[in-house]
Amino acid sequence: VQLQASGGGLVQAGGSLRLSCAASGRTASGYGMGWFRQAPGKERRIVAAISWSGGSTYYVDSVKGRFTISGDNAKNTVYLQMNSLKPEDTALYYCAARLPGRWSLSTEVSEYGYWGQGTQVTVSS
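Residues numbered from 1 in each chain as written. Predicted model: local features only at pLDDT ≥ 70, side-chain atom pairs only at ≥ 80, totals over all residues. Heavy atoms only, no water.

### Overview of the overall build of the protein
When helices and strands are counted, the protein shows 0 helices and 11 strands. Reading the protein from its N end, one meets helices and strands in the order β-β-β-β-β-β-β-β-β-β-β. Radius of gyration (C-alpha) of the protein: 13 Å, near the 14 Å computed for a compact globule of 125 residues. Its C-alpha atoms give the protein principal-axis dimensions of roughly 45 × 25 × 25 Å. Classification of the 125 residues of the protein by burial places 42% in the buried group. (Helix = DSSP H or I, 4+ residues; strand = E, 2+ residues; numbered from the N terminus. Rg over C-alpha atoms; globule rule 2.2 N^0.38 Å. Buried < 20%, exposed > 50% of the residue type's maximum accessible area, 1.4 Å probe, protein only.)

### Observations concerning the sheet that holds strand 8 (residues 77–82)
The sheet built from 4 strands is open, its strands ordered 1-3-8-7 with antiparallel pairing. Here the strands that pair on one side only, and so sit at the sheet edges, are strand 1 (2–6) and strand 7 (67–72). If you compare each strand with its neighbour and ignore which way they point, the axes differ by 15 degrees on average. (Pairing = 2+ DSSP bridges. Axes fitted to C-alpha atoms, helices over the stretch in contact; angles between N-to-C directions.)

### Observations regarding the pairing of strand 3 (residues 17–24)
In the sheet, strand 1 pairs with strand 3 via 5 bridges, with the strands oriented antiparallel. Counted as the bridge partner of Q4 is A22 from strand 3. Examined bridge by bridge, strand 3 and strand 8 share 6 bridges and lie antiparallel to one another. If you follow R18 over to strand 8, its bridge partner there is Q81.

### Observations regarding the packing of aromatic side chains
In this structure the tally under the stated criterion is 5 aromatic pairs. Ring plane angle 80 degrees and centroid distance 5.1 Å describe the contact between F36 and Y112, whose orientation is recorded as edge-to-face. With a gap of 76 residues between them, F36 in strand 4 (residues 33–38) and Y112 in strand 10 (residues 112–115) connect regions that are remote in the sequence. A residue is classified by how much of its surface remains accessible, and F36, at 0% relative accessible area, is buried. Seen from their ring centres, Y94 and W115 are 6.4 Å apart, and the 80 degrees between their planes marks the pair as edge-to-face. (Phe/Tyr/Trp six-rings, centres within 6.5 Å; stacked < 30°, edge-to-face > 60°.)

### Overview of the side chain of R66
Checked against the element boundaries, R66 lands in the loop between strand 6 (57–59) and strand 7. At 2.8 Å, the side chain of R66 and the side chain of D89 are in polar contact. When sequence neighbours within four positions are dropped, the list of residues in contact with R66 reads Q81, M82, N83, S84, L85, K86 and D89. (Polar contact = N/O pair within 3.5 Å; in protein donor to acceptor, adjacent residues only side chain to side chain. Contact = heavy atoms within 4.5 Å.)

### Concerning the environment of W35
Along the chain, W35 falls in strand 4. When its relative accessible area of 0% is taken as the criterion, W35 is described as buried. Spatially, the C-alpha atoms of W35 and C21 are 9.1 Å apart, while their sequence positions differ by 14 residues.

### Remarks on the side chain of T77
Position of T77 relative to the elements: it lies in strand 8. Using a relative accessible area of 11% as the deciding quantity, one classes T77 as buried. A polar contact of 2.9 Å, which involves the side chain of T77, links it to the backbone oxygen of K75. If sequence neighbours within four positions are ignored, T77 has contacts with S20, C21, A22, S70, G71 and D72.

Rendered as structure tokens:
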């Protein structure tokens, strides 16, 4: 499975961005997906996750009410809509996929077998 993330950029505080993550390769089996972020000098941490069916989602407390994760299985694409962005949201954002057949969501970095290249999100104050 190959993941291609896009949609990052520079935005003022209060603005919005939508990240996209397109999957290719062995996608037929289905898998949970997640968005993680990593700021300089910090660990990579979960931001949001979604099950293959889309019926279950998870958000870290700091983004609840501002970010929305969604998926389009027909396009093999997962999105992260980010509204009301804050300077503390600045980070390199990664999309990730669990191994095929692992349909549920997970919040653990170790549960994800495939990673995109990262897309930079910078929020200015």
